[in-house]
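# Remarks on the overall topology
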Amino acid sequence: MSAPQARPQHPAPGARTRGLRRFAGPRAPQQERCELCGVAVPDDNHRHLVDTERRSLACACTPCSLLFAQPGAGGGRYRTVPDRYLADPGHAFDAAAWDLLQIPVGVAFFFRNAALDRLVALYPSPAGATESELDPATWQTVLGTSRLAGMLEPDVEALLLRRKEGRTECYLVPIDICYELVGRMRLLWQGFDGGAEARAALQVFFAHVGQRARALTEGSRP
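Residues numbered from 1 in each chain as written. Predicted model: local features only at pLDDT ≥ 70, side-chain atom pairs only at ≥ 80, totals over all residues. Heavy atoms only, no water.

## Observations concerning helix α6 (residues 175-188)
- With 14 residues, α6 extends 21 Å between its outermost C-alpha atoms, agreeing within 8% with the 20 Å of an ideal straight helix rising 1.5 Å per residue.
- Those residues of α6 lying buried are Ile175, Asp176, Ile177, Cys178, Leu181, Val182, Met185 and Leu188. (Helix = DSSP H or I, 4+ residues; strand = E, 2+ residues; numbered from the N terminus. Expected span 1.5 Å × (residues − 1). Buried < 20%, exposed > 50% of the residue type's maximum accessible area, 1.4 Å probe, protein only.)

## Re the sheet that holds strand β2 (residues 56-60)
- In space, the three strands of this open sheet follow the order β2-β1-β3, with antiparallel pairing throughout. Each of the sheet's edge strands pairs with one partner strand only, and the pair in question is β2 and β3 (78-80). Looking at each pair of strands side by side, their axes are set apart by 35° on average, direction ignored.
- By the bridge criterion, five bridges tie strand β1 (residues 47-51) to β2 in an arrangement that is antiparallel. The residue bridging leucine 49 from the neighbouring strand is alanine 58, located in β2. (Pairing = 2+ DSSP bridges. Axes fitted to C-alpha atoms, helices over the stretch in contact; angles between N-to-C directions.)

## A short note on the side chain of aspartate 88
- Mapped onto the elements, aspartate 88 comes out in the loop between β4 (86-87) and α3 (95-101).
- For aspartate 88, a relative accessible area of 11% gives the class buried.
- Here arginine 147 takes part through its side chain, which lies 3.3 Å from a polar atom of the side chain of aspartate 88.
- Apart from residues lying up to four places away in sequence, aspartate 88 is in contact with Ser146, Arg147, Leu148, Cys170 and Leu216. (Polar contact = N/O pair within 3.5 Å; in protein donor to acceptor, adjacent residues only side chain to side chain. Contact = heavy atoms within 4.5 Å.)

## Observations regarding a negative patch on the surface
- Side chains of Glu32, Glu35, Asp43 and Asp44 sit close together on the surface and give a patch of like negative charge.
- Its place among the elements puts glutamate 35 in the loop between α1 (13-24) and β1.
- Exposure remark for glutamate 35: the relative accessible area of 51% places this residue in the exposed category. (Patch = residues over 30% accessible without salt bridge, like charges linked within 9 Å, V, L, I, M, F, W, Y side chains within 5 Å. Areas by Shrake-Rupley, 256 points an atom, 1.4 Å probe, with all protein chains shown as cover. Salt bridge = Lys/Arg side-chain N within 4 Å of Asp/Glu carboxyl O. Lys, Arg positive; Asp, Glu negative; His and termini not counted. Charge placed at Lys NZ, Arg CZ, Asp CG, Glu CD.)

## What about the state of the cysteines?
- Counted according to the given criterion, the structure contains zero disulfides.
- You can see cysteine 59 has no disulfide; the closest cysteine sulfur is in cysteine 34, sitting 8.3 Å from it.
- Using a relative accessible area of 9% as the deciding quantity, one classes cysteine 59 as buried. (Disulfide = S-S within 2.5 Å.)

## Some remarks on the nonpolar core
- Counting 29 residues, the largest nonpolar core has Leu160, Val173, Leu181 and Phe206 as the members making the most contacts within it.
- Of all the secondary-structure elements, those providing two or more residues to this core are β5 (107-113), β6 (118-125), β8 (157-164), β9 (167-174), α6 and α7 (195-212).
- Top element by residues in this core is α6. It accounts for seven residues. (Core = buried A, V, L, I, M, F, W, Y, C linked by side-chain atoms within 4.5 Å.)

## Focus on the layout of surface pockets
- Quantified by volume, the largest pocket comes out at close to 520 Å³.
- Every residue lining the largest pocket is counted, 20 residues in all, and those nearest its centre are Tyr85, Asp176, Ile177, Glu180 and Arg212.
- When contributions to the lining of the largest pocket are tallied by element, the ones reaching two or more residues are β1, α6 and α7.
- Tallying contributions element by element places α7 first for the lining of the largest pocket, with five residues.
- The residue inventory of the lining of the largest pocket, partitioned by class, reads eight nonpolar, four polar and eight charged.
- When its volume is computed, the second largest pocket comes out at roughly 370 Å³.
- Forming the walls of the second largest pocket are 16 residues, and the residues nearest its centre are Val105, Gly106, Trp189, Asp193 and Leu202.
- Among the elements of the structure, β8 and α7 are those that each provide at least two residues to the lining of the second largest pocket. (1 Å grid on protein atoms, 1.4 Å probe; cavity = no way out; pocket = protein on both sides within 12 Å on 5 of 7 lines; lining within 4 Å. Points joined across faces, edges and corners; volume = space filled by probe spheres on them. Nonpolar A, V, L, I, M, F, W, Y, C, P; charged D, E, K, R; others polar.)

## Remarks on the sheet that holds strand β10 (residues 214-215)
- The strand order across the open sheet formed by seven strands is β7-β6-β5-β8-β9-β4-β10, and the pairing between neighbours is mixed. In this open sheet, the two strands that pair with only one neighbour each are β7 (128-133) and β10.
- Note that β5 and β8 share four bridges and pair antiparallel. Bridge assignment links valine 107 to a residue of β8, and that residue is arginine 162.
- Each of β5, β6, β7, β8 and β9 is contacted by α6, which is oriented at about 120° to β9, the strand it contacts most.
- The sheet contacts of α7 involve β5, β8, β9 and β10, and relative to β8 the element is tilted by about 125°.

And the structure:
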């Protein structure tokens, strides 16, 4: 007589569900860390560095951010993103100037790429940051007369423009908040124009920028 075959052992339904939950459930958020030294940094309050070779942002602790605050430090690969916000109420952009930019949405930001020695124009879209190339003549016509343009630090700061109700707001801001805006719009975007939720988030974002921005006065220094 042949030996009886062993019956397969199945886990109890509750045990199986608990096992699957480890993979199907949401993962705990990972602690942000400085990408240079590895120390933990606050999720919502830490500095960033621009990696000029990879064209990317890196999280940084305060000591590491101070190391690269001066241009050329460490061979120039990393540059600390400043935290200044400026506005120039005395400079206005008319509708014709905005049309020259040929931006299909009402928000755009511009920064000077030091390696390419040219201005780069980007705007939020459902696909993320979309680039729109500007020729030097257009840059000079639209933005070159603004005092903010003359104060712009290459790679780490941007001119952030918003066209709303026939009026254009312009701020000099840290470049990392521009990419934060791009990520937020990509997450919330619905339909052709972004949808109500994206517009509400945009309103909150620019209200925050407006509150932080220091208005330039005649003869004021950055």
